[in-house]
Amino acid sequence: MAQHAERTHHLTFNTDGRPHPLVNSLAVITFVLGAIAVISSAFNSLHLLSSWTGLVGIFTGGYGQFISATTAERFVLIIGLGMSAVGFYIGVAHGGLTGGLW
């Protein structure tokens, strides 16, 4: 007789069974900032947005990597850090953090 295997896959960053609200928040914030930085870097006129969100995403992701506890958190942080860095570099190439304002 065939046995039914129950699927226990859950979308969670806490694979060790303990809550990590600060690191989870940093991972989500880094991912969102990275997505904003990459999307806005496609437009030359949004270089201020892409460079600043990329820079903030790099710092939040770096701190999140420093205090992360699980592999799932690190995975999301690295993806967000990569997107933030790409958005930051393209934003700087299009005009920089000040955009010629100073």
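Residues numbered from 1 in each chain as written. Predicted model: local features only at pLDDT ≥ 70, side-chain atom pairs only at ≥ 80, totals over all residues. Heavy atoms only, no water.

Per the secondary structure count, the protein includes three helices and zero strands. When the helices and strands of the protein are read in sequence order from the N terminus, they spell out α-α-α. For the protein, the proportion of its 102 residues judged to be buried stands at 33%. Pairs at least 24 residues apart make up 76% of the contacts formed inside the protein by residues separated by at least 6 positions. Working note: accessible area of the protein is about 6700 Å², and carbon and sulfur atoms make up 70% of it. (Helix = DSSP H or I, 4+ residues; strand = E, 2+ residues; numbered from the N terminus. Buried < 20%, exposed > 50% of the residue type's maximum accessible area, 1.4 Å probe, protein only. Contact = heavy atoms within 4.5 Å. Areas by Shrake-Rupley, 256 points an atom, 1.4 Å probe, with all protein chains shown as cover.)

If you walk through the whole model with that rule in mind, you get one salt bridge. Measuring nitrogen to oxygen at the nearest pair gives 3.3 Å for the salt bridge that ties Arg18 to Asp16. By relative accessible area, Asp16 is classed as partly exposed at 34%. (Salt bridge = Lys/Arg side-chain N within 4 Å of Asp/Glu carboxyl O.)

How two helices pack is summed up by the angle between their axes together with the distance between the axes. It is the contact of helix 1 (residues 21-40) with helix 3 (residues 71-94), at a shortest axis distance of 7 Å, that shows an interaxial angle of 30°. With respect to helix 3, the axis of helix 1 lies roughly parallel. The element helix 1 and its partner helix 3 pack so that their crossing is left-handed. In this structure, helix 1 contributes Val23, Asn24, Leu26, Ala27, Thr30, Phe31, Leu33, Gly34, Ala35, Ala37 and Val38 to the contact, and helix 3 contributes Glu73, Val76, Leu77, Ile79, Gly80, Leu81, Met83, Ser84, Val86 and Gly87. Here the contact of helix 1 with helix 3 is composed, by residue class, of 14 nonpolar, six polar and one charged. (Axes fitted to C-alpha atoms, helices over the stretch in contact; angles between N-to-C directions. Parallel < 35°, antiparallel > 145°, perpendicular 65-115°, else oblique. Left-handed = near helix turned anticlockwise from the far one by under 90°. Nonpolar A, V, L, I, M, F, W, Y, C, P; charged D, E, K, R; others polar.)

With that out of the way, let us pick up the environment of Val76. Here Val76 lies in helix 3. Once the C-alpha coordinates of Val76 and Ala27 are considered, the two residues, 49 residues apart in sequence, prove to be 6.0 Å apart. With near-sequence residues (within four places) excluded, Val76 lies in contact with Phe13, Ala27 and Phe31.

As a further point, take the side chain of His20. With respect to the helices and strands, His20 occurs in the segment before helix 1. Judged by relative accessible area, His20 falls into the buried class, the value being 14%. A polar contact is formed between the side chain of His20 and the backbone oxygen of Arg18, at a distance of 3.3 Å. Aside from chain neighbours lying at most four places away, what touches His20 is Asn14, Ala69, Thr70 and Glu73. (Polar contact = N/O pair within 3.5 Å; in protein donor to acceptor, adjacent residues only side chain to side chain.)

Let us look at helix 2 (residues 47-67). Here helix 2 spans 30 Å end to end across 21 residues, near enough to the 30 Å set by a 1.5 Å rise per residue. The complete set of buried residues in helix 2 reads His47, Ser50, Ser51, Thr53, Gly54, Leu55, Gly57, Thr60, Gly61 and Gly64. Against the buried residues of helix 2 lie helix 1 and helix 3. (Expected span 1.5 Å × (residues − 1).)

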